[in-house]
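Descriptive analysis of the structure
One letter stands for each residue in the lines below.
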Amino acid sequence: MSRVRVSLLVLGLGYLFLYAPLICIAVYSFNESRFVSSWTGFSFKWYISLLSDPIILQATWTSIKIATMAATMSVCIGTIAAIIMNRFGRFRGKTFFVSAIAAPLVIPEVIIGLSLLMLFVGMEKLFGWPNRIGNTTVVIAHITLTIAYVTMIVQSRLHYLDHSVEEAALDLGASPIKVFFVITLPMIFPAIILGWLLAFALSLDDVVIAGFVAGPGSTTLPMIVFSSLRFGISPQINALATILMTVLTVGVISAAIVMYNRKPQDGN
Amino acid sequence: MYSIAERIIEGLAQLLRNFSGRRLLIWLPFMWVLIFVVCPCLILFKISFAESQVASPPYSELIEWLSGHMLQLRINLGNYVTLFTDDMYIHGFATSMLIAITSTGCCLLLGFPMAYAIARSNEKIRDILLMLVILPFWTSSLIRVYAWIMLLSPCGVINSLLMKLHIIDMPLPLMNNSYAACIGIIYTYLPFMIFPLYSSIEKIDQSLIEAAYDLGSSPMTAFFSVIMPLALPGIIAGSALVFVPALGEFVIPELLGGAQTLTIGRLVWNEFFSNMSWPTAAALSIVLLLFVVLPITFLQERKQIKALAGD
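Just so we're clear, the structure is a prediction, and the values are computed from it rather than from any experiment.

The number of helices and strands found in chain A is 11 helices and zero strands. Element order for chain A, N to C, with α for helix and β for strand: α-α-α-α-α-α-α-α-α-α-α. Based on the C-alpha atoms only, the size of chain A along its principal axes is roughly 75 × 70 × 30 Å. Taking all 268 residues of chain A together, the buried fraction comes to 49%. Contacts in chain A between residues at least 24 apart in sequence constitute 69% of all its contacts with a sequence separation of at least 6. For chain A, the distance from the average site of its 16 positive side-chain charges to the average site of its 11 negative ones is 4 Å.

Attention now goes to the overall build of chain B. When you go through chain B residue by residue, the secondary structure sums to 13 helices and two strands. Computed over the C-alpha atoms, the radius of gyration of chain B is 27 Å, more than 25% above the 19 Å expected from 2.2 N^0.38 for a compact globule of 311 residues. Overall, chain B is about 80 × 60 × 35 Å in size when its C-alpha atoms are taken along their principal axes. For chain B, buried positions account for 44% of its 311 residues. For chain B, the proportion of contacts with a sequence separation of at least 24, taken over those separated by at least 6, is 68%.

What follows concerns the environment of Phe 120 of chain A. Following the sequence through the fold, Phe 120 of chain A ends up in helix H5 (residues 109–127). A relative accessible area of 1% places Phe 120 of chain A in the buried class. When the C-alpha atoms of Phe 120 of chain A and Gly 251 of chain A are compared, they prove to be 34 Å apart, with 131 residues separating the residues in sequence. Residues in contact with Phe 120 of chain A, not counting those within four places in the same chain, are Pro 130, Thr 137, Ile 140 and Val 213 of chain A together with Phe 36 of chain B.

So, on to the side chain of Thr 139 of chain B. Looking at the element boundaries, Thr 139 of chain B is found in the loop between helix H5 (123–138) and helix H6 (141–152). In this structure, Thr 139 of chain B is in contact with Met 245 and Leu 248 of chain A together with Arg 144 of chain B, ignoring residues within four places of it in sequence.

Moving on, we come to the domain arrangement of chain B. You can read the domains of chain B as domain 1 (2–73) and domain 2 (86–276). Inter-centroid distance (C-alpha atoms) of domain 1 of chain B to domain 2 of chain B is 41 Å.

Listed per partner, the contact involves 77 residues of chain A and 77 residues of chain B. Carbon and sulfur atoms make up 84% of the surface buried where chain A meets chain B, a total of about 6900 Å² over both sides. Taken together, the connections running from chain A to chain B amount to two salt bridges. The residue Arg 230 of chain A makes a salt bridge to Glu 254 of chain B at a minimum N-O spacing of 2.7 Å. Element by element, the count of residues in the side of chain A that touches chain B is highest for helix H1 (residues 2–28) of chain A, at 14 residues. Of the residues in the side of chain A that touches chain B, the class split is 62 nonpolar, 11 polar and four charged.

In this section: a nonpolar patch on the surface. Residue and element names in this part refer to chain B. A contiguous nonpolar surface patch, about 790 Å² in accessible area, is contributed by Ile 63, Trp 65, Leu 71, Leu 73, Ile 75, Leu 77 and Val 81. The set of elements that each furnish at least two residues to the nonpolar patch consists of strand E1 (63–65) and strand E2 (71–73). Looking at the secondary structure, you find Trp 65 in strand E1. Taking the relative accessible area as the measure of exposure, Trp 65 reaches 65% and is therefore exposed.

Under the definition given, this model contains six salt bridges over all chains. Three or more residues are tied together by salt bridges with common partners; here these are Lys 125 of chain A together with Lys 46 and Glu 61 of chain B.

Okay, the packing of helix H3 (residues 54–87) of chain A against helix H4 (residues 94–106) of chain A next. Residue and element names in this part refer to chain A. Their axes nearest at 11 Å, the elements H3 and H4 cross at an angle of 145°. Our pair here, H3 against H4, has a crossing hand that is left-handed. Residues Ala 81, Ile 84 and Met 85 of H3 pack against Lys 94, Phe 97, Val 98 and Ile 101 of H4. Residue composition of the contact of H3 with H4, by class: six nonpolar, no polar and one charged.

A separate point is the side chain of Glu 249 of chain B. All names here are of chain B. Looking at the secondary structure, you find Glu 249 in the loop between helix H10 (219–247) and helix H11 (251–256). Separated by 3.4 Å, the side chain of Glu 249 and the backbone nitrogen of Val 251 make a polar contact. Discounting chain neighbours no more than four positions away, the residues touching Glu 249 are Ile 185, Tyr 189, Thr 263 and Gly 265.

Residue and element names in this part refer to chain B. The backbone of Asn 176 shows a phi angle near 60°, a positive value even though the residue is not glycine. Position of Asn 176 among the secondary structure elements: in the loop between helix H7 (157–164) and helix H8 (178–202). The exposure class of Asn 176 is partly exposed, given its relative accessible area of 39%. Here the phi dihedral of Met 276 falls at roughly 55°; this positive angle occurs in a residue that is not glycine. Structurally, Met 276 is set in the loop between helix H12 (264–273) and helix H13 (278–310).

This part is about the environment of Pro 219 of chain B. When you line up the elements, Pro 219 of chain B lands in helix H10. C-alpha of Pro 219 of chain B to C-alpha of Tyr 146 of chain B: the two residues are 73 residues apart in sequence and 40 Å apart in space.

Moving on to the packing of aromatic side chains. Taken as a whole and judged by the stated rule, the model has 30 aromatic pairs over all chains. Each ring, one from Trp 148 of chain B and one from Tyr 187 of chain B, has its centre 5.6 Å from the other, and the planes form 70°; the classification is edge-to-face. Of this pair, Trp 148 of chain B sits in helix H6 while Tyr 187 of chain B sits in helix H8; the two residues are 39 residues apart in sequence, bridging distant segments of the chain. In this pair, the class of Trp 148 of chain B matches that of Tyr 187 of chain B, namely buried. Plain terms: the ring middles of Phe 223 of chain B and Phe 224 of chain B are 5.1 Å apart, the flat faces sit at 85° to each other, and that makes the pair edge-to-face. Under the relative-accessibility criterion, Phe 223 of chain B is labelled partly exposed at 25%. Put simply, the rings of Phe 212 and Phe 226 of chain A together with Tyr 59, Phe 250, Trp 269, Phe 272, Phe 273 and Trp 278 of chain B pair up and form one aromatic cluster.

So, how was this worked out
- Residues numbered from 1 in each chain as written.
- Chains lettered and ligands numbered in written order.
- Predicted model: local features only at pLDDT ≥ 70, side-chain atom pairs only at ≥ 80, totals over all residues.
- Heavy atoms only, no water.
- Helix = DSSP H or I, 4+ residues; strand = E, 2+ residues; numbered from the N terminus.
- Buried < 20%, exposed > 50% of the residue type's maximum accessible area, 1.4 Å probe, protein only.
- Contact = heavy atoms within 4.5 Å.
- Lys, Arg positive; Asp, Glu negative; His and termini not counted.
- Charge placed at Lys NZ, Arg CZ, Asp CG, Glu CD.
- Rg over C-alpha atoms; globule rule 2.2 N^0.38 Å.
- Domains from an automatic or database assignment.
- Buried area = accessible area lost by both parts, 1.4 Å probe.
- Salt bridge = Lys/Arg side-chain N within 4 Å of Asp/Glu carboxyl O.
- Nonpolar A, V, L, I, M, F, W, Y, C, P; charged D, E, K, R; others polar.
- Patch = residues over 30% accessible without salt bridge, like charges linked within 9 Å, V, L, I, M, F, W, Y side chains within 5 Å.
- Areas by Shrake-Rupley, 256 points an atom, 1.4 Å probe, with all protein chains shown as cover.
- Axes fitted to C-alpha atoms, helices over the stretch in contact; angles between N-to-C directions.
- Left-handed = near helix turned anticlockwise from the far one by under 90°.
- Polar contact = N/O pair within 3.5 Å; in protein donor to acceptor, adjacent residues only side chain to side chain.
- Phe/Tyr/Trp six-rings, centres within 6.5 Å; stacked < 30°, edge-to-face > 60°.

Rendered as structure tokens:
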């Protein structure tokens, strides 16, 4: 009995540590006063002032555009990379390829941003492209960052799949392209969705890499949040954080439920 | 002669076939990582040997054609020499190391009991418990840092609560020090520690622990001689997953650490944006990269040796 109690205590304290700070943000977003020290009443005024701020709305739109493009491209390239890693057997330079794909997982963001900016500046000098840093460079940088995550997720899914179904289809005369679209793709689809969501969330979250490669016209939402955090607490940021947390939580939980319900079918 | 010509033509044909259609699609990831991962690292390495100058871009070329038939190669080791002689950089490396080691240790101390409790919980709620661990990771990392600014800042939740209760008269300096940076890192990377720990603790056969108790070992002995060794792969993986990003972290020390917590990540950022010194920033990045890559290659080697020993 006491072991159960200890276990409950540990879990309770652990989840309190994980969630109390976030709940704090949400609670104070409804405080009418600007200051944390006094609770003057319940109010939506910070939400209203947030949603009527043109700079924040513009940045949100930029961020969503960049994240959508980056996640979609990243899923395409990452899936191909995962298939190469998983279904092509051993080939010369495979270790190098796998390390290069996985490198952005471990390289500090500051270095990714700095080195990509240096690449863009060098490319511009040599080829005249990209002729200035902006949305395109941020999308490229985010694709590079997120390919690694997508590849790992799709790769682990491929690893646990039954290879014989694909082989049977090939034996029965289906072309490799057809096998991919009719058999492999539906089976790895949950992993692709998960990879897309993760890539989207990572792109929407990134401030360091965008800080290096974003031009003046492509200020993303995290960059605005970051510069306002330097000045400390602001109830507008509380409101923004609460909205973001709600959207992401609902998105992740519904994706999880969809995938959880798919699971039994995949087992057959 | 004939056979050589034939072979060349055959080779060319194969090359063409390789580059057409489906093959082109397969080359996409290769080209992408070559251009946007490998190439930038080489450029970074190159610029770390350049000299700073007032120009656009603000660094000198290493290889230059001089008038006539002179090819000049200038390699400047000065950037690296500065890194190992200037107190600011040495201090930066020490601060980053200290913060990374402290936060990894704390994550392990916090994460192990949680992972153990989750692994031993009812199977029905286990998925939900794991989901709850990963959920904060999906919300923006800036928001998670902001949560701690709100709690720790001089006019934040903790200080205003303590002042209202008349426990303190002046706000405590909870923020803008390396402890606050550590707390931020622990909070952000705790899920990275719990997941690998969970997956290795979950595999431990419960009967082994019971056997240890039956044979008269104390809970401490059972923990250190049975559970710990079996959970070691998870401990190593989790520690690497926390230590590596903590070492190069920029946002958390920048926002929570105050002016004196100058980590390497912040030094790179400052060299680039404030001093406009691209070569110094590049040299710092190369050294930081070595600090990150070395532990990983060490772990990889260990794994390979283990795999060999297993065979």
